[in-house]
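Single-letter residue listing:
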Amino acid sequence: MNLYLKGARIVDPSNLTGEAPVLKTNVPCDIYICNGEIASIAPQGKESIPADAKVIDLAGKIVTPGLIDMHTHLREPGEEYKETIATGCLAAVSGGFTAIACMPNTKPVNDNKSITEYILQKAQEAGLATVYPIGAISKGLQGETLAEFGDMRSAGIVAVTDDGRPVMNGELMRRALEYARNFDLPVISHCEDLTLCSGGVMNEGAVSTQLGLPGIPAVAEEVMIFREIKLAALTGGSVHIAHVSARGSVDLIRQAKASGINVTAETAPHYFSLTEEAVTGYDTNAKMNPPLRTAEDVAAIIEGLKDGTIDAIASDHAPHSILEKDVEFNMASNGIVGLETALPLTLKLVHAGHLSLSEAVAKLSINPARILRLEIPSIQIGQKADLAIIDPDRKFIVDVQKFQSISKNSPFHGWELKGKAVMTIINGRIVFDDLD
Amino acid sequence: MKEKPFTIKHVLDIASLSPDQITYILDTAESFKEISTRSIKKVPTLRGKTVINLFFEPSTRTRASFEIAAKRLSADTLSISASTSSVVKGETLIDTARNLEAMQPDVIVLRHSLSGAPHLLSRHVRASVINAGDGAHEHPTQALLDLLTVREKKGKIKGLKLAIMGDITHSRVAHSNILGFTKMGANVVVSGPATMIPPYIEKLGAKVTLSIKEAVQGADVIMALRIQLERQNKLSFPSIREYATYFGLNTQHLALAASDAIVMHPGPINRGVEISPELADGPHSVILDQVTNGVAVRMALLYLLLGSETRMSHGDTKKDENNPPSPPFSKGGNPLSPPLEKGDTGGFSGKSQ
């Protein structure tokens, strides 16, 4: 069915250059979507509504390019009780995401083209968000030999990483950065020097001492970021730093960018929304890796987002069941679900005046696309209609029981947030509708 | 509804106890000491109550102490040594707890190698939970018995200088004592190898010095800690010999302390490593008094957690206005028979009302 989106404000950071003058204004627009593509864009009421279109009144809402989450863990194959590709895609579209890139740490690992193909096939069957698989750097995530980047690239991967299993072997990381150049693949690094955090389960600091929990110092992240930056400079490869959590990391990336090194970075909403204090009471939903840090780190992350040091915001959606979370803190798995809270938590930064709406959308769509060498999503005539519709003022209480994700491990349960995706459109089809 | 004078459900850590509550526990413990000196060391206070000691870590002293404390109050006790490996094999702590819960215990005393395990347990059982040591977090009953010992020997806690020496990072005893002694107004200094002093320990209230001599200078209480060889990752110090040479406490250190200083150790002792035999067995040592007081403190806690039900079931309807609570018995008085001096707290005597 063709759609006529009436009276929404368009926020499209891909168009800041002004190629489409109408988009630069703040006037509400009407968008006609025909056969999955954007057929026309006009100021509200300027054009007649085509007879075949379903009219959707979007007064007060914002239309943006579909959001892209560049760091999601789908648990299929292997741990379907936590999340399947289909439920992950459902959670994605419920959060305004039209595309997600999924990490290779499935069982078996996505380190060869047959797993890549399996993921893509399952995603196609789900028929919701576009799924971009990310391949492993090393076979089996063992950190020993390179996985088949070429084969996986041909099958559809968009990046390589051993996420969660940091590449401790410096030469392997060097070779990965070099070899990935042949296939125009960014190398995503989970930066953690494992020898500096043996046994650590939370940030090393006042709270870890108080709780008697072994700590992970921020330097464990920082020294590896320094290594990756130097290796990127040496090899000319593209390194992308995953989930930046510490102040020193932001400083290192800022300096590297200033000196022209090809490095990009993301953070996750929890690193600008929570501190290590959230662990108090041994709440395993505040256990993640990298760990939640201090208020100073949170401030530095926000500063890094503002000045562009941190390019992207990614959910690091990491579903776990109560089997992994309702246990002793040391034994709990790392990570939280994030697809359905990433946008609202990012909008918190907008409401607080840290980011403009356009900057927030850029970090959740345009920049991830650029880093992953995807087509830059844009609201223009002739473009595929992958859109997120956001009500920036809708207040709601986070309720994990309402999540589409199978897993409910979120530290944000019960939070009142303002602003959320209210409709998601993929290929001109409404895949999520929460309009009031 | 009657206000309970001591409304704590669980004893998970010193961090969540107020100075008034600590004083109240110590006063109660003091009054319980007399029972252990009788020829028949048993009172019927907790008859019909069940206390389970669930120990996931080896322990001689603490487990025996809890067991004796419960038995002297006539509670039924059961001690379970569960190896953490059985948890790895399959049954989770929560499943274990739920199984025990099905047998209707009143108190579960838990020792566990992982910090926060008692907190997790307390969220899943109806019984009261007492933390008998969790990982590197806290060992609240040890701190209470240490506080009782110091108060007994020194007549006060406030204003004293306590030096805690050794492996602070892995010591739940150190953490609980820093919190407990600081709350009660003592000045706490910690010292040891820099590799064993955790970051931000000052935030718990301790001063840090790397000079052993500075730490013990003028100290009223010197507390040595066991080096926990099982928790070291071999990078904290080069050898036991070097540790003993540079960080072991001996009579030279005692000479720097206050002339009437007392020497404490939570046990078990590595003789000749963190403390010299002369010091451990010398006239300043109160190490065995600590053990004696351990029984009294644990009796007090069991009584306070369970005794209030007993009181209520014996028909005391008078409103108790002691909030914050005051000691149930006058110092040196008999906690169980005959009743109290203070008429308006008569409910505490329970059985006799």
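All values reported here derive from a predicted model rather than from experimental measurement. (Residues numbered from 1 in each chain as written. Chains lettered and ligands numbered in written order. Predicted model: local features only at pLDDT ≥ 70, side-chain atom pairs only at ≥ 80, totals over all residues. Heavy atoms only, no water.)

## Digging into the interface of chain A and chain B
Interface size, as often reported, equals the accessible area lost upon joining of the parts. Worth spelling out the cut-off: Here, residues are in contact when the closest pair of their heavy atoms is within 4.5 Å. The term buried area refers to how much accessible surface (probe radius 1.4 Å) is lost by two components on association, counted for both of them together. Under the rule applied, a polar contact is a pair of N or O atoms within 3.5 Å (in protein, one hydrogen donor and one hydrogen acceptor; residues adjacent in sequence only if both atoms are side-chain atoms). Polar here means any residue outside two lists: the nonpolar Ala, Val, Leu, Ile, Met, Phe, Trp, Tyr, Cys and Pro, and the charged Asp, Glu, Lys and Arg; Gly therefore counts as polar.
Across the boundary between the two partners, chain A contributes 16 residues, which contact 23 residues of chain B. Considering only the surface of chain A that becomes buried against chain B, A:T209, A:Y282 and A:E328 emerge as the three largest contributors, covering 39% of it. Summed over the shared surface of chain A and chain B, the number is six residue pairs in polar contact (both at pLDDT 80 or more). Taken together, the residues of the side of chain A that touches chain B break down into six nonpolar, seven polar and three charged.

## Focus: helix α2 (residues 113-126) of chain A
Because the α-helix completes a turn every 3.6 residues, residues three or four places apart line up on one side. Residue and element names in this part refer to chain A. The criterion, for reference: Secondary structure counts use DSSP, requiring at least four H or I residues in a row for a helix and at least two E residues in a row for a strand, with both numbered from the N terminus. Every helix has an expected span of 1.5 Å times one less than the residues it contains. Only protein chains enter the accessibility calculation, which uses a 1.4 Å probe; a residue is then buried when its area is under 20% of its type maximum, exposed when over 50%, and partly exposed in between. This arc is built from the directions going out from the helix axis to the C-beta atoms.
For α2, spanning 14 residues, the distance from its first C-alpha to its last is 20 Å, which sits close to the expected 20 Å at 1.5 Å a residue. For α2, the complete set of buried residues consists of I115, T116, I119 and A123. Buried residues in α2, looked at end-on, bunch into an arc of 105°, giving them a common side. Residues Q124 and E125 are exposed on α2 and point more than 90 degrees away from its buried face. The inward-facing, buried residues of α2 contact α1 (85-94), β7 (97-102), β8 (130-133) and α3 (149-155). G127, located one to two residues past α2, shows a positive phi value of around 65°.

## Details of the domain arrangement of chain A
Residues and elements named next belong to chain A. Stated formally: For the domain bounds, the source is a domain assignment made automatically or taken from a database. Definition used for salt bridges: Asp or Glu carboxyl oxygen within 4 Å of a side-chain nitrogen of Lys or Arg.
Split by domain assignment, chain A resolves into domain 1 (2-63 + 381-433) and domain 2 (67-371). The junction of domain 1 with domain 2 conceals about 3,100 Å² of combined surface from both sides, 69% of it contributed by carbon and sulfur atoms. Where domain 1 meets domain 2, there are zero salt bridges. Counting every contact that joins domain 1 to domain 2 gives 14 residue pairs in polar contact (both at pLDDT 80 or more).

## Things to note about the sheet that holds strand β6 (residues 67-72) of chain A
Residue and element names in this part refer to chain A. Short version of the rule: Two strands pair under a simple rule: DSSP has to find at least two bridges between them. Interaxial angle, 0 to 180 degrees, is taken between N-to-C directions of lines fitted to C-alpha atoms, where a helix line uses only the stretch in contact.
The three strands are arranged β6-β7-β8 in an open sheet whose pairing can be described as parallel. Pairing within the sheet leaves two strands with one partner each, and these edge strands are β6 and β8. On average, adjacent strands in this sheet sit at an angle of 20° to one another, irrespective of strand direction. Bridge count between β6 and β7: four bridges; the pairing is parallel. Bridging from a neighbouring strand, L67 pairs with F97 of β7. Its contacts with the sheet place α2 against β7 and β8, and it is angled at close to 170° to β8.

## Examining the sheet that holds strand β3 (residues 107-112) of chain B
Residues and elements named next belong to chain B. With parallel pairing, the four strands of this open sheet are ordered in space as β2-β1-β3-β4. Of all strands in the sheet, those bounded by a partner on one side alone are β2 (76-81) and β4 (128-134). When strand polarity is set aside, the average angle formed by the axes of neighbouring strands in this sheet is 15°. As paired strands, β3 and β4 are joined by five bridges and run parallel to one another. Its bridge partner being in β4, V109 is matched across the sheet by I130. Packed on one face of the sheet, helix α4 (residues 93-101) meets β1 (50-55), β2 and β3 and runs near 160° to β1.

## Observations regarding the domain arrangement of chain B
Residues and elements named next belong to chain B. Examined at the domain level, chain B breaks down into domain 1 (10-138 + 291-308) and domain 2 (140-290). The C-alpha-based centres of domain 1 and domain 2 are spaced at 25 Å. Opposite the 38 residues of domain 1 that make contact, domain 2 presents 29 residues. Carbon and sulfur atoms make up 58% of the area that domain 1 and domain 2 hide from each other, which totals about 2,600 Å². If you sort the residues of domain 1 by the area they bury against domain 2, I14, L26 and N293 come out on top, with a joint share of 24%. Inspection of the region where domain 1 meets domain 2 yields four salt bridges. Across the pair E30 and R151 runs a salt bridge whose closest N-O atoms are separated by 3.5 Å. Joining domain 1 to domain 2, the criterion identifies 23 residue pairs in polar contact (both at pLDDT 80 or more). Its residues assigned to classes, the side of domain 1 that touches domain 2 comprises 17 nonpolar, 11 polar and 10 charged.

## Examining the side chain of A:D163
Residue and element names in this part refer to chain A. Test applied: Counting rule applied: Lys, Arg positive; Asp, Glu negative; His and chain ends not counted.
Mapping D163 onto the fold places it in the loop between β9 (160-161) and α4 (170-182). Despite its burial, D163 pairs with no opposite charge, the nearest such side chain being R75 at 7.7 Å. A distance of 3.3 Å separates the side chain of D163 from the side chain of H71, its partner in a polar contact. Sequence-distant contacts of D163, defined by excluding residues within four places in its chain, comprise H71, H73, M103, H190 and H243.

## Re the pairing of strand β18 (residues 429-433) of chain A
All names here are of chain A. Of the strand pairs in this sheet, strand β17 (residues 416-426) and β18 are connected by four bridges, and their pairing is antiparallel. Within the sheet, the bridge partner assigned to M423 lies in β18 and is D433. Hairpin connection, β17 to β18: the antiparallel pair is bridged by two residues, and N427 has positive phi, about 55°.

## Here we look at the layout of surface pockets
Vacant regions in the atomic arrangement are exposed by a probe of water-molecule size rolled over the atoms. The test is simple: Throughout, the protein atoms alone are placed on a 1 Å grid, and a set of points is a cavity if a 1.4 Å probe fits but cannot get out or a pocket if it is open with protein on both sides within 12 Å along at least five of seven lines; lining residues have an atom within 4 Å of a point. Grid points are joined across faces, edges and corners, and a volume is the space filled by probe spheres set on the points.
Space inside the largest pocket adds up to approximately 950 Å³. Looking at the largest pocket, it is lined by 33 residues, and the ones nearest its centre are A:S198, A:P214, A:G215, B:T169 and B:H170. Class assignment for the residues of the lining of the largest pocket results in 12 nonpolar, 19 polar and two charged. Those elements that provide at least two residues to the lining of the second largest pocket are α2 (61-72), α6 (140-154), α7 (172-183), α11 (277-281) and α12 (287-313) of chain B. A breakdown of the residues in the lining of the second largest pocket according to their chemical character gives 15 nonpolar, 12 polar and 11 charged. Here the lining of the second largest pocket gathers at least three residues from each of two domains, domain 1 (10-138 + 291-308) and domain 2 (140-290) of chain B.

## A closer look at α4(A)
Residue and element names in this part refer to chain A. Buried within α4 are the following residues: L172, M173, A176, L177 and A180. Viewed end-on, α4 has its buried residues packed into an arc of 140°, placing them on one side of the element. Summarising the geometry of α4, the exposed residues directed more than 90 degrees from the buried face are R181 and N182. Buried positions along α4 lie against α3, β10 (187-189), α6 (218-235) and β13 (239-241). Positive backbone phi, at 50°, marks D184, one or two positions downstream of α4.

## With respect to unusual backbone geometry
The omega torsion across A:E76 and A:P77 is 5°, close enough to zero to call that bond cis. By the secondary structure assignment, A:P77 is in the loop between β6 and α1. For B:Q104, which is not glycine, the phi dihedral falls at a positive 60°. Inspection of the secondary structure puts B:Q104 in the loop between α4 and β3.

## Regarding the confidence of the model for chain A
A low pLDDT score tells you not to read the predicted coordinates there in detail. Using the following cut-off: Each residue carries a pLDDT value, the predictor's own confidence for that position, ranging from 0 to 100.
Mean pLDDT for chain A: 95, with 98% of residues reaching 70 or above. Scored below 50 in pLDDT, residues 17-24 of chain A shows 11 contacts in the model against residues more than four places distant or in partner chains.

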